[in-house]
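Residues per chain, in single letters:
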Amino acid sequence: MSKNLVIVESPAKAKTIGKFLGKDYVVKSSMGHVRDLPEKKLGVDIEHDFMPLYEVSTGKKKIIHELKTEANKADCIWLATDEDREGEAISWHLIHTLELEENKIKRIAFHEITKSAIENAIAHPRPLDNNLVDAQQARRVLDRLVGFELSPVLWKKVKPSLSAGRVQSVAVRLIVEKEKEIKAFQTSFYYRLTAEFTMESKKGKEVIKAELNTRFKTKSEAMAFLEECKKATFTVENVEKHPVTKSPAAPFTTSTLQQEASRKLGFPVIKTMLVAQQLYEAGFITYMRTDSVNLSDLALADAKKEILSAYGKDYSKTRKYTTKTKGAQEAHEAIRPTYISQHSIDVTDASQAKLYDLIWKRTIASQMSNAELEKTNITIGISNQQWKFIATGEVLLFDGFLKVYMESHDDEDNNETISGQLPAVAAGDKLLYENILAAQRYAQAPYRYTEASLVKKMEDLGIGRPSTYAPTISVIQKRGYIIKSDKEGTVYQCDIMKLENNKITETTKKEITGKEKGKLVPTDIGIITNDYLVDNFKDILDYDFTAKVEKQFDNIAEGKQQWQTMLKSFYGKFHKSIETALTLSKRASGERLLGIDPQTQKEVFVKIAKYGAVAQLGNTNNADEKVTFAKLPPRTSMETITLEEALELFKLPRKIPLQDGSEIVVNVGRYGPYIHFKEKYYSLSKDTDILAITVDECKAIIAAKDANDELKKPIVLGQYNDKEVAVAVGRFGPYVKYEGSFYSLPKTTNIHQMSLEDAIKGLQSNASKSVIKAFEEDALIKVLDGRFGPYIVNGKTNYKIPKDMVAEELTYQQCLEIISSDSNKTKRKKYFGKKR
C-alpha cells in the first residue's frame, strides 16, 4: 500500500511529477474541478448569504470514486494543484467531495515542475489558503448571478439564446466602441515632402535622404514649394549627434506572452495558453498564469552564467523588474524556462518548440546589457523658404540584448528599425538636390484590435486577470458577438509631383488605407446587444466598475474583505436594474430603414429578428400590408448593406432549372447558405455569394459531397453469431455496427481495407473496454462507459445513472430499480442533417 497520494489537476502534470517521486507516492489527476455550480440552474442560495449549491461535475463520478479509493489507502494526501485562486479552489472542492480527513491533508505548491521544486514543496507544506478559495467563489458566484439574470433580459429584449457576462460584455464594448470610432473617422489628406541630396566626398558621390519638417494641406501649396525649390540652394545648417540606449523588455507575464506570441508567431491567445500549459506540465517552463515580472535569485544567477558563457561579460547586466500593471500581484515569478541552460527543447510539437524559444530568448534578453546607438540629425536649410529638411540616421555601436531579441508592437508604426548611417557632413556644406518628391497621403483611421492589443487594453484598464483574458476573447467569438476578419481598405488615387533636373512631373498612384488582417470586428448582434446593455446597465458595462470589482476580488484573496459582504453590496443594485429593464426598456432590434422598393413602393428595413439579421419588405406597423422577410447572408452587415443588395435577397430562394427537369435551389437558412437538390441539403461556405453562384459550381459541390457520403456508407463485411457486421465512418470517426450498437475504431482505420476478422476484433476489444460491470443474474444488463459518461444498458435500451450513484458500485438490484423508472430512459435522437 502506498503511504502517499498526490493529487494534481491534469494527467500531464501527474506524469511529470511522478518521475520525481519514489515508489511511496501515487500521483493521480482530478482532471480539473470535480464539482461546480449546476449547469442549468442558478445554483446560488441568495437568501442565505449567497451560498453556492455545488454539484459533482458531469463525467467526474468515476474519477471521484478512484480518488476516494486511493485516498482510503493512503496515510497522507498531498494536494498539489496550482497556487492560484482556481488551483486553491480545486483543492478545497477535493477535500469536501472526497470527504478527506483533515489530519491526512497537506497542501503543497510550486511555480515550476522540477525535482528540487517538488522536494522543497513536500518539505514545506502549508495550510489551505481559504482567502484564495473565497476569492474564486466570489468571482464564480458573481459571474453566475450576472449571466443567469442578465441573459434572460437579452432573450426578451434582443434575441433568444444570447448570453451576457461581466467581463465578456465589457470586452465586446471595447471592440464596438473602436468600430464606432473608425466609422466616425473623417479621412483627410496631406502632402509629404521628401528629398534626396547628393554631395561629393572622398568616397565619391554620397546620398542623404531627408524629409521636410512640415506637411502641406493642398496640392497648390506643395506645387508652389517645388517651384521655389527650382531656384533654391540647400545648405547644411546643423549636425547633431547624441547617444541613444535601448533597454530590453521585462520577462513575460501571461499578458505579454499572449501579445508577443500573437505578433511574432501568429498564435491566437487561447492557443498560446494551451501550449504554455503543456510546456509547464512537461516541466519546461514556470507557471504560466502570472502578472509578475520577478525572477528568482537562482534564475538570475543561471541567466548570468549563460550570458557570460555565450556572449561575454560585456553583454551581462542583472536586472530586477517591478510590475506596473494595474492590480498586479507579485506572488509568482515571471514566465521563464525552468532550466535556463536549456536553449531549446526536443519535442514533436512545433508550436511548443516555438513558444519555448520565444520564452527563452525573452528571459535571457531581459538580463543583458542595453543596446547602444548613436543618433544623427542633419538640418538642411532652404535659401528661399522657412522650412527645413531633416535627415535622421542611427548607427548601432553595441548590440547588447538585440543580439538575442527585440520586442514587437501592434502598431506597425512603432516597430522600430535602425535607419542606418549618414554621410559625414559639416555645417555650411552645400548640397545638391537629386530629386524632391511631394506625395499625397491619406490619414489612417484608428487601428482595430487584434487579440494581442485587446489583451493589452484589458490589462491597462484592470479588466480581468491573467487567467481570464484567453477564455474571454474565445467566448465572445464563439457566441457570435465578434468575428476575426480581414478588411480590404479603401483605394485612393494619390497625386505624386516630382522635381528632378529642374522639371516637375505629375503622376498618380494607388494607395490603400485601412487594410487590416485578422482584426476583431463586432457583428450586428454584437453591436445591438452592446448598445442595449450600455443603455440599460451602465454599471456592469462601465470600465472603472469592472476594474473595481477585480480589485475587490484581490482584496478578498488578501483577506481584506469578506466575500459575501462584497456580493451583497453588488447584488441589490444589480437586481433592481434587471427588474427595471424587464418592465421599462424597449426591445432592441437595430432596425434601419434602407429606402423604398421601386416595384412595390413598400419600405425596406434591416433588423435583428428571432434567428438573426433579416431584410424586411413592408412595415409591420401597417396591419393591411403584407410583410416578407429575407435572411441576411453571413458576413453581410446591417450597417453597410444597401437598398439594392437587400432587394436582391427577396429573389431567394434561387431556383436553377436543369435539362432533366429537376432544379437546384440555392438559399440561405438559419445555419447559413445551402443548396437543396433532390431532397438533399449541401452546405455552402459562409463567404459564398449565393446570388452569383453558377450551375457548374453547384454541380461540383453536389458531386463532391455525394462522393464523400458514398465513402462513409456502411460496408457489410459478413456475419458474426448470425448477426450482420458492418463498418462505416461517422461524425466521430470510423466504427463497427453490430446488433444496433456502435463500436469505435482508431481514427487512422481505413474501413475499405478491413476484413470481417478485423471488425470482430475491433468490436470485441471495444466492448470489453466499455463494460464497467456485468451481472450473472441477467446477461442483457450491463453498466457501460460511454462517450458522455457511464450508463446502464438493458438489451438495446439505455438508462441514465442518477448523479448521486457511482457506476462502479451499482448492484444488480439497483440497476433493476433504475430500469423500472421511465424517467431514466434515454431518448436516441436521429440525425438527419441540419434543419432548414
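Everything below is about the structure printed above this text.
Now for a description of the structure that goes with this document.

About the cut-offs
- The written sequence of each chain sets the order in which its residues are numbered from 1.
- Local features are withheld for residues below a pLDDT of 70 in this predicted model, meaning they are given only at 70 or higher, and side-chain atom pairs are given and counted only at 80 or more; totals for whole chains, interfaces and linings count all residues.
- As a convention, hydrogens and water are excluded, and side-chain values are obtained from all of the structure's heavy atoms.
- We count a stretch as a helix when DSSP gives it H or I for four or more residues in a row; a strand needs E for two or more, and each element gets its number in order from the N terminus.
- Exposure is judged per residue with a 1.4 Å probe applied to protein chains only, and the accessible area is read against the type maximum: over 50% gives exposed, under 20% gives buried, and values in between give partly exposed.
- For this analysis, residues touch if any pair of their heavy atoms sits within 4.5 Å.
- Here the Shrake-Rupley method, with its probe set to 1.4 Å, supplies the accessible areas, and only the displayed protein chains count as covering residues.
- This count recognises Lys and Arg as positive and Asp and Glu as negative, with His and chain-terminal groups excluded.
- Charge positions come from single atoms, namely NZ of Lys, CZ of Arg, CG of Asp or CD of Glu.
- Here, any two strands with at least 2 DSSP bridges between them count as paired.
- Every crossover in which the path from the first strand over the helix to the second runs clockwise, viewed with the strands pointing away from the viewer, is termed right-handed.
- A side-chain nitrogen of Lys or Arg and a carboxyl oxygen of Asp or Glu constitute a salt bridge if their distance falls within 4 Å.
- To define axes, lines are fitted to C-alpha atoms, for helices over the stretch in contact only, and angles between the resulting N-to-C directions are given on a 0 to 180 degree scale.
- In this analysis, rings of Phe, Tyr and Trp, with Trp reduced to its six-membered ring, are considered paired at centre separations within 6.5 Å, and the interplanar angle assigns stacked below 30 degrees, edge-to-face beyond 60, and tilted for intermediate values.
- Two thresholds decide whether a charge sits over a ring: the Lys NZ or Arg CZ must be within 6 Å of the ring centre and within 35 degrees of the ring normal.
- The scheme is simple: roughly parallel for angles under 35 degrees, roughly antiparallel for over 145, roughly perpendicular for 65 to 115, oblique for anything else.
- Three classes are used, and their members are as follows: Ala, Val, Leu, Ile, Met, Phe, Trp, Tyr, Cys and Pro are nonpolar, Asp, Glu, Lys and Arg are charged, and the others, Gly among them, are polar.
- Nine residue types can take part in a nonpolar core, namely buried Ala, Val, Leu, Ile, Met, Phe, Trp, Tyr and Cys, and a core is a set of them joined through side-chain atoms within 4.5 Å.
- What a helix should span is 1.5 Å times the count of its residues minus one.
- Polar contact criterion, stated in full: a pair of N or O atoms within 3.5 Å, where within protein one must be able to donate a hydrogen and the other to accept it, and residues adjacent in sequence count only if both atoms are side-chain atoms.

Another aspect to go through is the overall build of the protein. The number of helices and strands found in the protein is 21 helices and 34 strands. Principal-axis analysis of the C-alpha atoms places the extent of the protein at approximately 110 × 80 × 65 Å. Relative to its 836 residues, the protein shows a buried fraction of 47%. Within the protein, residue pairs in contact and separated by at least 24 positions form 67% of the contacts whose partners lie at least 6 positions apart. When the accessible area of the protein is evaluated, it comes to approximately 43400 Å², of which 50% is carbon and sulfur surface. Counting 126 positive and 114 negative side-chain charges, the protein places the centres of these two groups 2 Å from one another.

Side chains Cys-76 and Trp-78 project from strand E7 (residues 76-79) onto one buried face, and the interleaved Ile-77 and Leu-79 project onto a second face that is buried too. Looking at chain direction, strand E1 (residues 4-8) and E7 are connected through four bridges and run parallel. When the bridges of E7 are listed, Leu-5 appears paired with Ile-77. Handedness of the β-α-β unit built from E7, helix H3 (residues 85-97) and strand E8 (residues 105-107) comes out right-handed.

What follows covers the side chain of Asp-524. Mapped onto the elements, Asp-524 comes out in helix H14 (residues 524-536). The charged side chain of Asp-524 is buried without a salt bridge, its nearest counter-charge being Lys-183 at 8.0 Å. Excluding residues that lie within four positions of it along the chain, Asp-524 makes contacts with Ile-608, Ala-613, Thr-636, Ser-637, Met-638 and Glu-639.

Strand order in the open sheet formed by four strands is E27-E28-E29-E30, and the pairing between neighbours is antiparallel. A strand with exactly one partner marks an edge of an open sheet, and here the two such strands are strand E27 (715-720) and strand E30 (741-744). With direction set aside, neighbouring strand axes in the sheet form an average angle of 30 degrees. Two elements, strand E28 (residues 723-730) and strand E29 (residues 733-738), share six bridges in a ladder whose sense is antiparallel. Paired with Ala-728 across the bridge in E29 is Tyr-735.

So, on to the packing of aromatic side chains. Applying the stated criterion to the full structure yields 22 aromatic pairs. When the centroid spacing of 6.2 Å and the interplanar angle of 25 degrees are considered together, the rings of Phe-545 and Phe-570 count as stacked. Note that Phe-545 is positioned in helix H16 (residues 543-557) and Phe-570 in helix H17 (residues 563-584), a separation of 25 residues in sequence. For the pair Phe-545 and Phe-570, one class covers both residues: buried. One aromatic cluster is present, formed by Phe-197, Phe-216, Phe-225, Phe-234, Trp-387, Phe-389 and Tyr-433 through successive ring pairs. Residue placement shows Lys-178 over the ring face of Tyr-449; its charged tip is 5.1 Å from the ring centre. Geometry around Phe-267 places Lys-271 over its ring, the cationic atom sitting 4.3 Å from the centre.

Positionally, Gly-795 belongs in the loop between strand E33 (789-794) and strand E34 (797-800). Among the residues examined, Gly-795 registers a relative accessible area of 35% and is labelled partly exposed. Sequence-wise, Gly-795 and Lys-782 are 13 residues apart; in three dimensions their C-alpha atoms are separated by 8.8 Å.

On to the packing of helix H6 (residues 166-184) against helix H13 (residues 469-478), then. Interaxial distance between H6 and H13 falls to 9 Å at its minimum, and their mutual angle equals 70 degrees. Classified by the angle their axes make, H6 and H13 are roughly perpendicular. Where H6 abuts H13, its residues Val-167, Gln-168, Ala-171, Val-172 and Ile-175 lie against Thr-472, Val-475 and Ile-476. Looking at the contact of H6 with H13 residue by residue, the classes come out as six nonpolar, two polar and no charged.

Phe-110, Ile-285 and Leu-355 are the most contacted members of the largest nonpolar core, which totals 144 residues. For this core, the element with the highest residue contribution is helix H5 (residues 130-157), accounting for 11 residues. Among residues more than four places away in sequence, those in contact with Phe-110 are Lys-13, Ile-17, Ala-80, Ala-117, Ile-118, Ala-121 and Tyr-280.

Turning our attention to unusual backbone geometry. For the peptide bond that leads from Leu-652 to Pro-653, omega is 0 degrees, which places it in the cis range. Following the sequence through the fold, Pro-653 ends up in the loop between helix H18 (643-649) and strand E23 (654-657). The phi dihedral of Arg-635 is positive, around 75 degrees, even though this residue is not glycine. The residue Arg-635 is located in the loop between strand E22 (628-631) and H18 in this model.

With respect to the secondary-structure elements, Ala-232 resides in the loop between helix H7 (219-230) and strand E11 (234-246). By relative accessible area, which is 12% here, Ala-232 ends up buried. Along the chain, Ala-232 and Asn-384 lie 152 residues apart, while their C-alpha atoms are 5.9 Å from each other. When residues no more than four places from it in sequence are discounted, the contact partners of Ala-232 are Ile-382, Ser-383 and Asn-384.

Take the environment of Glu-177 next. Within the fold, Glu-177 resides in helix H6. A relative accessible area of 32% means that Glu-177 is categorised as partly exposed. Taking the C-alpha atoms as reference, Glu-177 lies 43 Å from Ser-29; in sequence the two are 148 residues apart.

With that out of the way, let us pick up H16. Taking 1.5 Å per residue as the helical rise, H16 with its 15 residues ought to reach 21 Å, and the 21 Å between its terminal C-alpha atoms agrees with that figure. For H16, the buried fraction is high: 12 of the 15 residues fall into the buried class. Restricting attention to buried positions, one finds in H16 the residues Tyr-543, Phe-545, Thr-546, Ala-547, Val-549, Glu-550, Gln-552, Phe-553, Asp-554, Asn-555, Ile-556 and Ala-557. Where H16 is buried, its residues touch H3, H5, H6, helix H12 (451-461), helix H15 (538-541) and H17. Structurally, the start of H16 carries an N-cap: the backbone nitrogen of Asp-544 is 3.1 Å from a side-chain oxygen of Asp-542. Gly-559 lies just past H16 and shows a positive phi near 75 degrees.

This part takes up the pairing of strand E26 (residues 680-683). As defined by bridge partners, strand E25 (residues 672-677) adjoins E26 across four bridges and the pair is classed as antiparallel. Counted as the bridge partner of Phe-677 is Lys-680 from E26. Connecting E25 to the antiparallel partner E26 that follows it, the hairpin turn spans two residues, and Lys-678 within it adopts a positive phi of roughly 50 degrees.

Below, the discussion takes up helix H8 (residues 254-265). Between its first and last C-alpha atoms H8 spans 16 Å; for 12 residues at 1.5 Å apiece the expected length is 16 Å, and the two agree. Within H8, burial applies to Thr-254, Ser-255, Leu-257, Gln-258, Gln-259, Glu-260, Ala-261 and Ser-262. Looking at the buried positions of H8, the neighbouring elements they touch are helix H9 (269-281), helix H11 (350-365), H12 and H13. Looking at the residues trailing H8, positive phi occurs at Gly-266, about 75 degrees.

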